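An overview of the molecular structure
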Amino acid sequence: MVIAVVAAGAFVSLHAAFGGITVSRVLFAGVSVAAVLMLERWRPVVMFFLPLIFVIAAYDIHGFLVPRAIPRTVHVSELRTWELAWFGIATPAGKVTPAAWFQIHTWPVLDVICGLAYLGFYPMFLAFAAWWRFGQRRDDAQRVTWALLWLHLASYIVHLVYPTPPPWYVDHYGVGPAVLTAPAEAAGAARFDELFGISLFTNSYSNAVNIFGACPSLHVGLTFLAVLFAWRFRSLRIVATTFWALVALASVYLNHHYIVDGLTGMAFAIGVYYLVGHKIHRQPDRLPRKARQVLAKSGS
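From a predicted model like this one, the values you see are computed outputs, not experimental measurements.

Turning our attention to the packing of helix α7 (residues 142-161) against helix α11 (residues 218-233). Between α7 and α11, whose axes approach to 11 Å, the crossing angle comes to 150 degrees. It follows that α7 is roughly antiparallel to α11 by the angle criterion. You can see that α7 and α11 cross each other, and the crossing is right-handed. Here α7 contributes Arg143, Val144, Ala147, Leu148, Leu151, His152, Ser155, Tyr156 and His159 to the contact with α11, which in turn contributes Leu218, Gly221, Leu222, Leu225, Phe229 and Phe233. Looking at the contact of α7 with α11, its residues break down into 10 nonpolar, four polar and one charged.

Of all residues in the protein, 76% have pLDDT values of 70 or greater, and the mean over the chain is 84. Of all the helices and strands in the protein, helix α14 (residues 289-298) carries the lowest mean pLDDT, 44, while helix α12 (residues 237-253) carries the highest, 98. Below pLDDT 50 for its whole length, residues 1-5 participates in six contacts with residues either more than four positions away or in separate chains.

Here we take up the nonpolar core. Judged by nonpolar contacts, the single largest core of 51 residues is most densely connected at Trp132, Val144, Leu225 and Phe229. Broken down by secondary-structure element, the contributors of at least two residues to this core are α3 (43-69), α5 (98-103), α6 (108-135), α7, α10 (200-206), α11, α12 and α13 (259-276). The residues contacting Leu225, other than those within four sequence positions of it, are Phe125, Ala147, Leu148, Leu151, Ala269 and Tyr273. Counting 14 residues, the second-largest nonpolar core is a separate cluster that includes Val74, Tyr169, Ile211 and Tyr258.

Between α6 and α7, whose axes approach to 7 Å, the crossing angle comes to 150 degrees. With respect to α7, the element α6 is oriented roughly antiparallel. Contacts from Tyr122, Phe125, Leu126, Ala129, Trp132 and Arg133 of α6 reach α7 at Gln142, Val144, Thr145, Leu148 and His152. Class assignment for the residues of the contact of α6 with α7 results in seven nonpolar, three polar and one charged.

The sharpest bend along α6 measures roughly 55 degrees and falls at Phe121, with the proline Pro123 sitting one to four residues further on. Immediately downstream of α6, the backbone of Arg137 shows phi near 55 degrees, a positive value.

What follows concerns the pattern of salt bridges. Considering all chains together, one arrives at three salt bridges under this definition. Residues Arg133 and Asp139 are paired through a salt bridge, measuring 3.6 Å at the closest nitrogen-oxygen approach. Look at Arg133 and you get buried, because its relative accessible area is 13%. Residue Asp139 is classed as exposed on the basis of its relative accessible area, which comes to 60%. Among the salt bridges present, the one from Arg138 reaches Asp140, with a minimum N-O distance of 2.8 Å.

Attention shifts here to the packing of aromatic side chains. Applying the stated criterion across every chain, the model contains 20 aromatic pairs. Ring geometry for Tyr169 against Phe212: centres 5.5 Å apart, planes inclined by 75 degrees, an arrangement best described as edge-to-face. One end of the pair, Tyr169, is in helix α8 (residues 167-173); the other, Phe212, is in the loop between α10 and α11, with 43 residues separating them in the sequence. A single burial state applies to Tyr169 and to Phe212, both of which are buried.

With that settled, consider unusual backbone geometry. A cis amide bond, omega 0 degrees, links Cys215 with the succeeding residue Pro216. Along the chain, the position of Pro216 falls in the loop between α10 and α11. Even without being glycine, Arg234 reaches a positive phi, approximately 55 degrees.

Every buried residue of helix α4 (residues 78-87) is accounted for by Leu79, Glu83 and Leu84. Looking down the long axis of α4, one finds its buried residues gathered within 135 degrees of arc, a one-sided arrangement. For α4, the exposed residues lying more than 90 degrees away from the buried face are Ala85 and Trp86. In the core, the buried residues of α4 are packed alongside β2 (94-96), α5 and α13.

Attention shifts here to the environment of Arg133. With respect to the helices and strands, Arg133 occurs in helix α6. Taking the C-alpha atoms as reference points, Arg133 and Arg143, 10 residues apart in sequence, are found 9.2 Å from one another. The contacts of Arg133, once residues within four sequence positions are left out, are Pro44, Phe48, Arg138, Asp139, Ala141 and Gln142.

Conventions adopted
- Residues numbered from 1 in each chain as written.
- Predicted model: local features only at pLDDT ≥ 70, side-chain atom pairs only at ≥ 80, totals over all residues.
- Heavy atoms only, no water.
- Axes fitted to C-alpha atoms, helices over the stretch in contact; angles between N-to-C directions.
- Helix = DSSP H or I, 4+ residues; strand = E, 2+ residues; numbered from the N terminus.
- Parallel < 35°, antiparallel > 145°, perpendicular 65-115°, else oblique.
- Left-handed = near helix turned anticlockwise from the far one by under 90°.
- Contact = heavy atoms within 4.5 Å.
- Nonpolar A, V, L, I, M, F, W, Y, C, P; charged D, E, K, R; others polar.
- pLDDT = per-residue confidence, 0-100.
- Core = buried A, V, L, I, M, F, W, Y, C linked by side-chain atoms within 4.5 Å.
- Buried < 20%, exposed > 50% of the residue type's maximum accessible area, 1.4 Å probe, protein only.
- Bend = angle between axes of the 7 residues up to and from the residue.
- Salt bridge = Lys/Arg side-chain N within 4 Å of Asp/Glu carboxyl O.
- Phe/Tyr/Trp six-rings, centres within 6.5 Å; stacked < 30°, edge-to-face > 60°.
- Arc of directions from axis to C-beta.

Following this line, the structure appears as structure tokens:
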């Protein structure tokens, strides 16, 4: 308990010293201490959400490090070059990336579907994880949220050491030297806002801490991680797979990622899955042979 209070105090004090103290950060520190207090009585719930507390802290630290690590080489053109070589679409004006092609082939229905999928990628992952842990009462499903944490940590490290811009950035600023002061944008997701007369995506992305963190894609990686666990647990397989496919489509359609970003996110998800999931046991679809024989003899 003392360690938790000291850590929370240090967290708040550090931000206060650098002029970054906010209500949300104070609230986060308070929630973290409360979680420790509830650990004994509500251990399964606290342990389920504990990795999320670490993810929030990691994102905060990531945002703190970005302006200090950003004066480095930003790989503006590499991913676009790979995308054109592997997935380029031929047009009268030459090859374009799928993300660029979609920006001149938009449909309101897809704007809504992709916008909803993009908004729901985190809540859906947590819903899957909560169902496996508390709905099906699988103790090994606790590893799902820890996998979420490791995926974020690995991705944040890559975002810092190998910064890459999203497709919309290249559309606006080209492939020349990086414009480090470029503001974050909602890109194609702004069409969702316009359809409903809201500013949900616009406000959300205006607060992004790093626009040069396109690869790996956490949207695609996290939803693919859910697919891997769904097939391992033999539960929600169709739902998880369908939702991942929608998010993967949305990431390109909304001009936030190249397909390369999504594939890299999936590769990271596979690595994390095998890192934390090697002790997860499948539930057998059928009873062992001897058990079936015993039940048959007993008339069951």
